[in-house]
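Listed below, chain by chain, are the residues.
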Amino acid sequence: MNPDYYLILSALLFGIGAVGVLVRRNAIVVFMCVELMLNAVNLSFVTFSRINGNLDGVVMAFFVMVVAAAEVVVGLAIIMSIFRSRRSASIDDANLLKY
Amino acid sequence: MTETAEMAVPATGMAGAAMWLVLLPLIGTAIMLIGGRRLDRTGHLVGLLMVVAAFVLGLLMFLSHPASGEGTSIMDSNLFSWMPVEQLQVEFGLRIDPLSLTFVLLITGVGALIHIYSIGYMHHDPDRRKFFAYLNLFVASMLLLVLGNSFVTLYAGWEGVGLASYLLIGFWSDRPSAATAAKKAFIMNRVGDVGLALAIFLMFKEMGTTSFDGVFSQIGAVAEQSPGTVTAIALLLLLGACGKSGQVPLQAWLPDAMEGPTPVSALIHAATMVTAGVYLIARCSPIFNLTADGQLVVTIIGAVTLLVGCIAGCAKDDIKKVLAYSTVSQIGYMFLAVGLGAGVYALGILHLLTHGFFKAGLFLGAGSVMHGMNDDVDMRRYGGLWRKMPITFATFTFGYLALIGFPFLSGFYSKDPIIEAAFAAGGTKGWLLGGAALLGAGLTAFYMTRLMYMTFFGKARHEELRSADGREYHPHESPASMTVPMVILALGSIFAGFFLTQGERLAGWLSPSVGEFSEPHPEIVSATAVTVGTLVMIALGVVIAWLFVGRKPVPVQRPSDVSWVIRLARAEVGGDVINETLFATPGIKLTNSLVVAEEKAVDRVMTGFGTGLAALSARLRRTQTGYVRSYALSMLGGSLIVVLALLVVRFA
Amino acid sequence: MSDFPLVLLLVVVPAVGAIITGAMRNAPVKQVKIVALAFTLLVFVIAVALWIGFDKADTNYQFVSSAQWIPTLGINFSVGVDGVSLVMIALIALLLPIVLGASWEEKLPAGRSIGSYFSLLLMLESTLIGVFAATDVFLFYVFFELMLLPMYFLIGAYGGPRRTYAATKFFLYSLFGGLMMLASVIALYVVSRDHIPGGTLDWTALQQIASEIPESTQMWIFAGFAIAFAIKAPLVPFHTWLPDAGAEAPVGSGTLIVGVLDKVGTFGFLRICLPLLPAASAKFAWLILLLAVIGIFYGGIVAAGQRDLKRFVTYTSIAHFGFIAMGVFVFSTQALSGAVIYMVAHGLATSLLFLVIGMLTSRGGSRLISDYGGVWKVAPILGGMFLIGSLATIALPGTSSFVAEFLVLIGSFATQPVWASFATAGIVIAAIYMLWIFQRTMTGPVRGAAVIGTVAGPDFGLDKPAGSKQLESGHTVTVKEHQAPTKPKALFGDLNIREIAVLTPLVALIMVLGVYPKPMLDVVNPTVAKIIEMSGHTDPVPAAGAVEGAGN
């Protein structure tokens, strides 16, 4: 088994996620792209865990999943409340925190 | 050479008494100032008592002082250690010797008379107590000046009299002119003080001591090593002396100092303080004897000043300013005498003493005239006063005759030998100095005769005039407390010169302090010729004064259409103009421009760092746009840089 | 030699006082004031005891209290005194009760209580004593910075109309200097590790290795310290914080700024730079001397042109700090002793002048010089005190300043005649600015809006139309509206008993130390001689040979 393919897949997923975060305006989509990046990282963790033959990477991946779950909860709540007050899910509209 | 002090005697006996000379008037000052308004009625008596006590003490010390040749006539006593730091050991000590005792008697004697006079003169002044407090402060400082046995003690007294002079010139402090004159006097004196201070520093650097004894015993060694240093010390001392004594180029403050009450002018600005420069040079005779250049400068300053003073005195209409310029020029004579070197120091001191008598008398006379004339000082408004003020007129006349050097009065005995000594300098120098002194004698006779005519003779111009505050003039004789001191001083003006020169009494007495006296013998002209020449010049001055002033009525308004000579004299030979254009005006401009520079440049530059940082941060914070995606982009960029850097480090 | 930790007490007692008075929020104001005054008096008593117990012959630190603080860096919390710090601590202990007394009825900005003002003053006293007593360089740094905190609030919360600006400026300047100093402190520690295992910041230990530190290293370390001290002292051109801080601070803390706080700078020069960095000090002496002489002239001339009384005093101080810095950097015992005495004498003289000006401005309600005139006639005691302060400022013989200035100049002349000659010329400028200000405010006819009329109230007349701010130019003071002496306003009374009582100790000390400074010189001289020796210099020998018993 060649782990390179997994890593290339992981890099591709991460790149798609990163581009998505940078170019999309819809908060939900940005959010999904962040998730994509996290899962790309998870994939490389698991791959390295397999390569090294120990479980460190897997444990790390679990942590990431837990954090991602928590993040989704908090993040979606924030997006919801912003949507309620502004009637918009565009992240460019929420730019009050500046200068 | 002078004797050196045999040893430091403990502060007992006579030396202990010397301490009280300084302390008594000082205590008087303290009592009167701290006592406050409660002492308004009696304060002046305290002041008088202290000065009289000091005079009696001084007299006792004088009488018990061993005559020269019999034991030690110079006694140093160190009271306490003042500023001891390693090598520098400044002692607070007093020196009792013929020179200091002579001054003690002059200061306390004339001082006591002027205290008495002031009781009457300042009778109506609500601040008479303060006036006496300041007078006592002056007496104390002046005594410290002449009694100190080191240059530092002398300096302390030197500045102390400057303070007293400041306070007394500005005594009527609500007059702007008085306040300005006081400030001017102090500041110009400070210029001189810088010279004195630097001289002290130089002495310490070269000799490691500041006491008279230490300096005078080692100055010879310094002169052998580097004569230039001795000349430098002498010139710096001379700068100090010029400041205090109102000599060119620091003469301009003295006439302005006449803003003070007249007793002050008599005591401080005629009889005692302004002669401190002469004292300093006489005291430092061991230094000046070693530097011909230094002495030459002293004589030049003396000669120039005596002429400048005379010329300016000729054109003044303010009676006190005429006398002030007269003082300037008479001190010029004293400088001339002490500058002429070993052997004739005593002549300078002699003239100082006789001048103390007749000039104090003249000032008190002027004060008496002003007292009767609503405090007006303009002689053009006087005239014919001899009838109204007989005692003042009589005493004033004796002072006048003594001042111009009328034969067998005090001034004759003291001024004539100085002129002879000037001619005795020999060669071109002798002709120039002697000629200046001779010319000065003629000019003195001129301006003093002018003053006499304008004040006491001629038409009583005041009868048709009112004083500035609208009152009529009612000239009258002054009360006894004022006339008695005038009479005593007039007696001094008549007899002091004869008494002191009889058998070279003063010169012999002073010889332990300033060296043996040697009668000057002019070689270029005979002594008799000098005397005759002087008398001719004096007569000429009197006659010319009569021609110009006495035979025609004096205009009340000052004539403005006059020749350049009179204009020059009125401008005080440029003294104040030079000060204004060279120092005062540029100084004020410098001050104003520096204040602006401080606000606009220095402060801006220093705070500029802060404002620069603030401006930079104002720019940088613009990058915080608030758009999440731009933050994400910069995060990505940062991550890429980190990754690339890692890779470069890894594979490079 | 006593082991009783008197010095530690001197640091702790005012701090305790500050906490107690700070906690007495709800107590009556008068009670708080009395408690604060009691603490300062207690400190004064301890200081007197310290002076009595001090062994003059011993040049080591005495009454040392030491405890390990950060052992890994060789830092101790240790305090003690030598001759120089003793006189400075005595000055602080003396000034605080006086300042409290003078501020007893201070008008503070709205909403500020005098209790917390006094509490901050006590806190300041503690840190000031700490900075002079620290025998560990790091502790010195800590107190050096701590000192800023109470002063920042004393200016920023209790000061005049531009207090915020002044406080910020003061804080930033000092902090900048402090950080420079911190870098140097760290460098000193790093260098010390080359000579002492584990390194140290103990002053005595550092002093012993001072001569082994290479010159180039010393110069860098010196630069950091010198910037901090030059800002604090302050030397031109690092001085511009002082006029703002001094003018905007309330009178009490302003007095402490010019009277004591600034001396930390010159004290640092002679405590840290000379003994610990001797080679660099010798190398950079010309620079400091140049700044000192510039300061003497620049400060004096700018002072003469000031319109604001309090700013005027701060500029005179800048001129005087030139003399002190000069005395430190000419390396002769006379000058260094003189510099130490100068610190005390200037503390007394300037405090007197500053307090008197505070009393004057509290009566007139204006800080502008042109609003006053002829005050001497109206308030003779006030005028007299002003005069004594002025005379002490121009170093008239008989005042302590004369002793100081004379020693500085005579000592400087022995080693640096040219610089000393310039500085001596500066005494004329002192006379000019001091007497001019005296003439403008005190003498002449009774005049000026503050004396005979009313001026704008709380803004201290600073925002009046430009016409009234015009400098009175011309050689003589021109009185524009020459009125006959007008009746002064009723408020303008002479000093009251409290004010006289507050000023009298200062006047007495100025005069006593001017006539008989030996007790102080005896304390200072051995330490000074040791510092000169440590910095590797000896007094020049007069050309005409050594003299014994020169005073005879």
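J.: Would you mind going over the overall build of chain B with me for this structure?
T.: Within chain B one finds 24 helices and two strands. In terms of overall dimensions, chain B has a C-alpha envelope of 115 × 65 × 60 Å along the principal axes. Across the 652 residues in chain B, those meeting the buried criterion constitute 59%. Of the contacts formed within chain B by residues at least 6 apart in sequence, a portion of 81% connects residues at least 24 apart.

J.: Looking at this model, I keep getting lost on the overall build of chain C. Mind explaining?
T.: The secondary structure content of chain C amounts to 22 helices and two strands. Scaling as 2.2 N^0.38, a compact globule of 552 residues should have a C-alpha radius of gyration of about 24 Å, and chain C matches this with 23 Å. With the C-alpha coordinates aligned to their principal axes, the bounding extent of chain C is approximately 75 × 65 × 45 Å. Out of the 552 residues in chain C, the part that is buried amounts to 62%.

J.: Got a minute to help me understand the interface of chain C and chain B in this structure?
T.: A common way to state how big an interface is: give the accessible area lost once the parts meet. Contacts between chain C and chain B engage 63 residues on the former and 63 residues on the latter. Of all the secondary-structure elements, those providing two or more residues to the side of chain C that touches chain B are α13 (278-304), α15 (333-364), α16 (375-378), α18 (400-415), α19 (417-441) and α22 (518-534) of chain C. The element contributing the most residues to the side of chain C that touches chain B is α19(C), with 12 residues. Residues belonging to the side of chain C that touches chain B are distributed by class as follows: 42 nonpolar, 18 polar and three charged.

J.: How should the arrangement of the chains be read in this particular structure?
T.: Between all two pairs of chains that are in contact, chains B and C come out with the most contacts. Chain A makes no contact with chain C; the smallest distance between any of their C-alpha atoms is 23 Å.

J.: I would appreciate a short explanation of helix α5 (residues 137-146) of chain C in the present structure.
T.: The periodicity of an α-helix, 3.6 residues per turn, causes residues three or four positions apart to be oriented the same way. All names here are of chain C. Burial analysis of α5 places eight of its 10 residues in the buried class, which makes it a mostly covered element. Every buried residue belonging to α5 is among V137, F138, L139, F140, Y141, V142, F143 and F144, and all of these are buried. Buried positions along α5 lie against β2 (75-81), α4 (114-133), α7 (163-192), α8 (203-209) and α12 (263-276).

J.: What should I look at first to understand the nonpolar core in this one?
T.: Proteins that are soluble and globular tend to have nonpolar side chains buried together. With 438 residues, the main nonpolar core has L10(C) and I89(C) as its most contacted residues. If one sorts the elements of this core by residue count, helix α6 (residues 176-207) of chain B sits on top with 20 residues. Each residue touching I89(C), except ones within four places of it in the same chain, is listed here: L10(C), A47(C), V81(C), I129(C), F132(C) and A133(C). Judged by nonpolar contacts, the second largest core, of nine residues, contains A27(A), M37(A), A40(A) and I91(A).

J.: Mind showing me how you'd approach the environment of I98(C) here?
T.: Residue and element names in this part refer to chain C. Here I98 is to be found in helix α3 (residues 83-102). Residue classification places I98 among the buried residues on the basis of 24 C-beta atoms within 10 Å. Distance in space between the C-alpha atoms of I98 and L506 is 8.5 Å, their sequence separation being 408 residues. Discounting chain neighbours no more than four positions away, the residues touching I98 are V502, P505 and L506.

J.: Would you explain the packing of helix α2 (residues 29-53) of chain C against α3(C) in this entry?
T.: Angle between the axes and distance between the axes: these two values describe a pair of packed helices. Residues and elements named next belong to chain C. Axis separation between α2 and α3 bottoms out at 9 Å; the angle between their running directions is 155 degrees. In terms of their interaxial angle, α2 and α3 are classed as roughly antiparallel. When you trace α2 past α3, the crossing you get is left-handed. Counted together, A36, L37, T40, L41, V43, F44, A47, L50 and W51 of α2 and L86, I89, A90, A93, L94, L96, P97 and L100 of α3 form the full contact between these two elements.

J.: Could you clarify how one ought to interpret the packing of helix α2 (residues 43-64) of chain B against helix α3 (residues 98-121) of chain B in this entry?
T.: Residues and elements named next belong to chain B. Packing of α2 against α3 brings their axes to within 9 Å, and their N-to-C directions diverge by 155 degrees. Between α2 and α3, the angle is such that the two are roughly antiparallel. Here α2 and α3 pass one another in a crossing that is left-handed. Along its contact with α2, which presents H44, G47, L48, V51, V52, A54, F55, G58, L59, M61 and F62, the element α3 presents L101, V104, L105, T108, G109, G111, A112, H115, I116 and I119. Looking at the contact of α2 with α3 residue by residue, the class counts come to 14 nonpolar, seven polar and no charged.

J.: Explain the pairing of strand β1 (residues 75-85) of chain B to me, please; I cannot follow it from the model alone.
T.: Within a regular strand, side chains alternate between the sheet's two faces. Residue and element names in this part refer to chain B. Judged from the nine bridges that link them, β1 and strand β2 (residues 88-96) form a sheet pairing that is antiparallel. Within β2, the position partnered with M83 by the bridge is V90. If you look at the hairpin formed by β1 and β2, you'll find two residues sitting between the two strands, and E86 has a positive phi there, around 50 degrees.

Parameters at a glance
Residues numbered from 1 in each chain as written. Chains lettered and ligands numbered in written order. Predicted model: local features only at pLDDT ≥ 70, side-chain atom pairs only at ≥ 80, totals over all residues. Helix = DSSP H or I, 4+ residues; strand = E, 2+ residues; numbered from the N terminus. Buried ≥ 20, exposed ≤ 12 C-beta atoms within 10 Å, placed from the backbone. Contact = placed C-beta atoms within 7 Å. Rg over C-alpha atoms; globule rule 2.2 N^0.38 Å. Nonpolar A, V, L, I, M, F, W, Y, C, P; charged D, E, K, R; others polar. Core = buried A, V, L, I, M, F, W, Y, C linked by C-beta atoms within 7 Å. Axes fitted to C-alpha atoms, helices over the stretch in contact; angles between N-to-C directions. Parallel < 35°, antiparallel > 145°, perpendicular 65-115°, else oblique. Left-handed = near helix turned anticlockwise from the far one by under 90°. Pairing = 2+ DSSP bridges.

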